[in-house]
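These are the residues of each chain, in order.
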There are 2 protein chains.
Amino acid sequence: MSETATRRRGGGGAARRAERTAVRFDCAGYITRKVPDLDYHPEEALAVIEANADTVLQEIGVVFSENPKALERWRDAGADVQGERVRIPKGLARKLCETAPGEFEQIARNPDRNVRIGGRNLVLAPVYGPPFVRDGHGGRRYATMEDFRTFVKLGYMSKWLHHSGGTVCEPTDIPVAERHLDMLMAHMTLSDKPFMGSVTDPSRAADSVAMADILFGGLNGRTAMTSLVNINSPLTFDATMMGALETYAEAMQACIVSPFIVGGAMAPVSTIGTLTQVLAEVMAGVAYSQLVKPGAPVIFGAFVTSIDMNSGAPTFGTPEAAQVTYGAGQLARRLGLPFRSAGGFTGSKLPDAQAGYESANSLNMGLLSGVNFMLHACGWLEGGLVASPEKFIMDADQLGTLHKLAGGAPHDEGAQAMDALREVGPGGHYLGCAHTQANYRDAFWRTEVLDYKPFETWDEEGGRDTMALATARLEKMIGDYVAPPLDAALAEELENFVARRRGELAES
Amino acid sequence: MSETATRRRGGGGAARRAERTAVRFDCAGYITRKVPDLDYHPEEALAVIEANADTVLQEIGVVFSENPKALERWRDAGADVQGERVRIPKGLARKLCETAPGEFEQIARNPDRNVRIGGRNLVLAPVYGPPFVRDGHGGRRYATMEDFRTFVKLGYMSKWLHHSGGTVCEPTDIPVAERHLDMLMAHMTLSDKPFMGSVTDPSRAADSVAMADILFGGLNGRTAMTSLVNINSPLTFDATMMGALETYAEAMQACIVSPFIVGGAMAPVSTIGTLTQVLAEVMAGVAYSQLVKPGAPVIFGAFVTSIDMNSGAPTFGTPEAAQVTYGAGQLARRLGLPFRSAGGFTGSKLPDAQAGYESANSLNMGLLSGVNFMLHACGWLEGGLVASPEKFIMDADQLGTLHKLAGGAPHDEGAQAMDALREVGPGGHYLGCAHTQANYRDAFWRTEVLDYKPFETWDEEGGRDTMALATARLEKMIGDYVAPPLDAALAEELENFVARRRGELAES
């Protein structure tokens, strides 16, 4: 599941110096669960949701706005289309979903980093979308392209992260029309993990596909991107997102079809009502992807938060979000689709205790709800408005616990440790026994951030809190970063593409 | 499940003033789970553990040290006793466990606070045992009786806490011989929730029973205390703890028979090996309680941490501790005994992000592993060396999420919300719809500590972290505290008992 890579800086004395100080960093493979999911909701409730979702699609229907081609596709498939409203006969959406694969591979520049999305697997990807950054040095400010590159570097170096993500923060210092080009270049050149494409315009999705085609020397039907297509909940599919989905599906690139729901605002205030809407929306979106291109890889998404009914603020790491996520996972499994949800969510402004509680609540629930693709697994702060490098490091460290938990516990003869029990006996001590000596290295997950030192040592070292520990690690990681090697001709071809597109976009 | 109590200060103008400012505080009933446990380990592994535990008891055996009466009881029951080593034939310990009840009631001074321990229930109790206190004002220092009283008051006022606990901190300013008297008086007079008795000497257990007998006007076979009896792992039962257990069992008072294990030190370095030892130890301890008094209430305990193999420090909120706890829960259910484990565990020195992550990991795991009695549910810091009032408040708030999660989600017609889906339709908004208006008040769990405000508001209010928010709540809670009324004659009788015992202890 894991491998070790040693990166070296280039050239002469610097190379030798670098070799002496080079950081070895491991990258774990994606998680394959060996433990059961938590089937939180009973069969009866799931059956009710499924029946009601079919009723919603048939009687209420969904809107595909400003998208005549989509309406035509739906009409041809047998839906009742009135204006932009698409009413889908019971059973049709589910039937159309059947051609979507239950599991698919997303390739990475480094083939060892390829991931399989679906089945018993869990792929972890970083935060997506924050317009702001908060760090220990600068406080809270608008995110820049330099911040973006920092997050991509951190993602590349994070052992327990399998995916480079997409818009790890919004590089607000780059014009919107060109942003996707710079973001893709960062993912393609600063990391060798898989990444996401642009969805903010169909033409940007097309640029994403073109650049991936260059990077991979021709995609040839392989899936190289998993991109985030949000549904405009309730029950509305806008032309921008659907345009991106159409572009990606036609190129056999994966999309996450994801309701974006603040409970009580964009969906009913009850868990079962919300799940009904989520299922109806996802089935309509996935079915549409299959109308565009049968067999296109697609993910059942569910971004669901609860709401503070006093202020209207979204809330994170709450039990209601967990109830919906567990249910969405059960529904996705019944539908046979890969499932995206959860993350290191928090509403806190700072990487403090609140951030820790809420993120851990959400990460643990994500593992047990059967998530296959977890966006926002690290770096998320302030309800997603802020990306934090220190929080990225804290969360990314915690992702190691999910790997260990998902692996289960062996019960072979070695794990049974009867020899150790016999050797030590009543009142003895296991630290020195043969079984411990043979097994201690891999027995326990090890943090690379948190503090376990005795109080006196910790106190002498400055009494640092988690934020201070993460700041120190952040500096070390960025100092140690070396880009993964990329073929020079390939890099040039990518640069030429970007330069050409920049020119075209400037003219238009 | 919950009720509201308004407490008033006594007498005249003060009373009227108090009435205007009186805090209403609710107390939730203990949790009754309506959702499944996580059966983390497969049947096959559990069967292996059970067979191996029987082998351990028969071939290796356990030690009952300095306890001739215990050895005699074991000999009479059919065990092979050599010196202090007790080898228990396969099947005997399990057979003896059968007379222990699967569920029992612990009574409280306020009958509305009675708890049922076992079955699908979860009773939450605060931190136990820290010699130090850390708070926002004084930093880290030795705990005092005043600190103890503060924690009892906080426990009394904490909505989601069902139990007042025991040694919420060690009152180091009181002589050891008298401490139990002051601690019991605090629980009995400052709270009306159920509590724990002393275990540090059989005579102190007897004092605990005597005081409970006064408080409840005669126990008459009712269980009024659940007390913590640690096993000296591996496989050793010392005379002090067993003396306390004997005293309590004879009086039909409940004990938690609990291995105290730092994995790799007091048990094998593997999950399955540790579980084998835990099961062997608990079966021996519970069996012994039934030899003392068949039918005495007793709890299957498991305090298990992992270890940092570099420093030897215990670690908390880790995946290995979760693996053991899930397994112990499964074994306890198979044995038909109430289960105690988990808590708001952390190794952090401060109530920071590390504390949040680790505590949330542990609390969520505790819920899903089927814990029936959760000691250390709030207030634990620095690996249990420190009790923190702010951490108490943060954890106690999070305990509300466990209540909501455990309750499951209804799927009746109201919860299905089909009317809301029809009313709102594509592109609409649920905030104003009839279903939301009718249900929003109880739809979402509400924090009383964490911050969800918009950034600007939060910033204007001082940009407080969770510690600062908890400090503010701590001051308010202690300011608002009013003791639950206690019959004056009863209070006097308790005081007389304590005074008499203090005199006797001073003489001895």
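Chain A appears in an unreviewed UniProt entry as Methyltransferase from Tropicimonas omnivorans. Here chain A is described in UniProt, under the heading Sequence similarities (unreviewed entry), as follows: "Belongs to the trimethylamine methyltransferase family."

**Q** Which residues make up the domain arrangement of chain A, and what values go with them?
**A** When its domains are assigned, chain A resolves into domain 1 (3-22 + 485-507), domain 2 (98-406) and domain 3 (414-443). Between the C-alpha centres of domain 2 of chain A and domain 3 of chain A the distance comes to 43 Å.

**Q** If you had to explain the packing of helix α7 (residues 202-215) of chain A against helix α8 (residues 239-250) of chain A to someone new, which residues and values would you point to?
**A** Residue and element names in this part refer to chain A. Where α7 meets α8, the closest approach of the two axes is 8 Å, and the angle between their N-to-C directions is 25°. When the interaxial angle is binned, α7 and α8 end up roughly parallel. Judged by the twist between their axes, the crossing of α7 over α8 is right-handed. Packed against α7, whose contacting residues are P202, A205, A206, S208 and V209, the element α8 presents T240, G243, A244, T247 and Y248 at the interface. In the contact of α7 with α8, the residues fall into six nonpolar, four polar and no charged.

**Q** An account of helix α18 (residues 488-507) of chain B is needed here, citing residue identities and associated values.
**A** All names here are of chain B. The terminal C-alpha atoms of α18 lie 29 Å apart, and with 20 residues this matches the ideal 28 Å at 1.5 Å per residue to within 8%. Its buried side turned inward, α18 meets α6 (176-190) and α7 (202-215). Where α18 begins, one side-chain oxygen reaches toward the backbone nitrogen of A489, 3.2 Å away; that side chain belongs to D487.

**Q** So what about the interface of chain B and chain A? Which residues, and what values?
**A** Taken together, the contacts link 111 residues of chain B with 111 residues of chain A. Taken together, the two surfaces of chain B and chain A that pack against each other cover about 9100 Å², and 67% of this comes from carbon and sulfur. Considering only the side of chain B, the residues that lose the most area to chain A are B:Y357, B:F444 and B:Y452, jointly responsible for 9% of the buried surface there. For the pair chain B and chain A, the interface holds six salt bridges. Across the salt bridge formed by B:K349 and A:D451, the nearest N and O atoms sit 2.4 Å from each other. Counting across the chain B and chain A interface gives 48 residue pairs in polar contact (both at pLDDT 80 or more).

**Q** Kindly report on the pairing of strand β10 (residues 132-135) of chain A, identifying the contributing residues and their values.
**A** Looking along a regular strand, one sees side chains alternate from face to face of the sheet. Of the two faces of β10(A), both are covered, the one formed by A:F132 and A:R134 as well as the one formed by A:V133 and A:D135. Hairpin connection from β10(A) to strand β11 (residues 139-142) of chain A: three residues lie between these consecutive antiparallel strands.

**Q** Which residues make up the packing of aromatic side chains, and what values do they have?
**A** For any pair of aromatic rings, the description consists of the separation of the ring centres together with the inter-plane angle of the planes. Evaluation of the coordinates by the stated rule reveals 32 aromatic pairs over all chains. Look at A:F300 and A:F339: their rings are 5.9 Å apart centre to centre, the planes differ by 80°, and that puts the pair in the edge-to-face class. In this pair, A:F300 sits in strand β15 (residues 298-301) while A:F339 sits in strand β18 (residues 339-340), placing the two residues 39 residues apart along the sequence. Exposure class is identical for A:F300 and A:F339. Each is buried. A ring pair is formed by A:F316 and A:F345, whose centres lie 5.9 Å apart and whose planes are at 50°; its orientation type is tilted. Of the two residues, A:F316 sits in the loop between β17 (314-315) and α10 (319-335) while A:F345 sits in the loop between β18 and α11 (353-368), which places them 29 residues apart along the sequence. One aromatic cluster is present, built from ring pairs that chain together A:F260, A:F303, A:F316, A:F345 and A:W380. Cation over ring: B:R140 sits above A:F455, and NZ or CZ is 3.7 Å from the ring centre. Positioned above the aromatic ring of B:F132, the side-chain terminus of B:R140 is 4.1 Å from the ring centre.

**Q** Kindly report on the sheet that holds β11(A), identifying the contributing residues and their values.
**A** Residue and element names in this part refer to chain A. Strand order in the open sheet formed by four strands is β11-β10-β21-β20, and the pairing between neighbours is mixed. Strand pairing shows two members of the sheet lacking a second neighbour, β11 and β20 (380-381), which therefore form its edges. As paired elements, β10 and strand β21 (residues 386-387) share two bridges and run parallel to each other. Looking across to β21, one finds that V133 is bridged to A387.

What counts and how
- Residues numbered from 1 in each chain as written.
- Chains lettered and ligands numbered in written order.
- Predicted model: local features only at pLDDT ≥ 70, side-chain atom pairs only at ≥ 80, totals over all residues.
- Heavy atoms only, no water.
- UniProt positions renumbered as here; feature names shortened; annotations may be inferred.
- Domains from an automatic or database assignment.
- Axes fitted to C-alpha atoms, helices over the stretch in contact; angles between N-to-C directions.
- Helix = DSSP H or I, 4+ residues; strand = E, 2+ residues; numbered from the N terminus.
- Parallel < 35°, antiparallel > 145°, perpendicular 65-115°, else oblique.
- Left-handed = near helix turned anticlockwise from the far one by under 90°.
- Contact = heavy atoms within 4.5 Å.
- Nonpolar A, V, L, I, M, F, W, Y, C, P; charged D, E, K, R; others polar.
- Expected span 1.5 Å × (residues − 1).
- Polar contact = N/O pair within 3.5 Å; in protein donor to acceptor, adjacent residues only side chain to side chain.
- Buried area = accessible area lost by both parts, 1.4 Å probe.
- Salt bridge = Lys/Arg side-chain N within 4 Å of Asp/Glu carboxyl O.
- Buried < 20%, exposed > 50% of the residue type's maximum accessible area, 1.4 Å probe, protein only.
- Pairing = 2+ DSSP bridges.
- Phe/Tyr/Trp six-rings, centres within 6.5 Å; stacked < 30°, edge-to-face > 60°.
- Lys NZ or Arg CZ within 6 Å of the ring centre and 35° of its normal.

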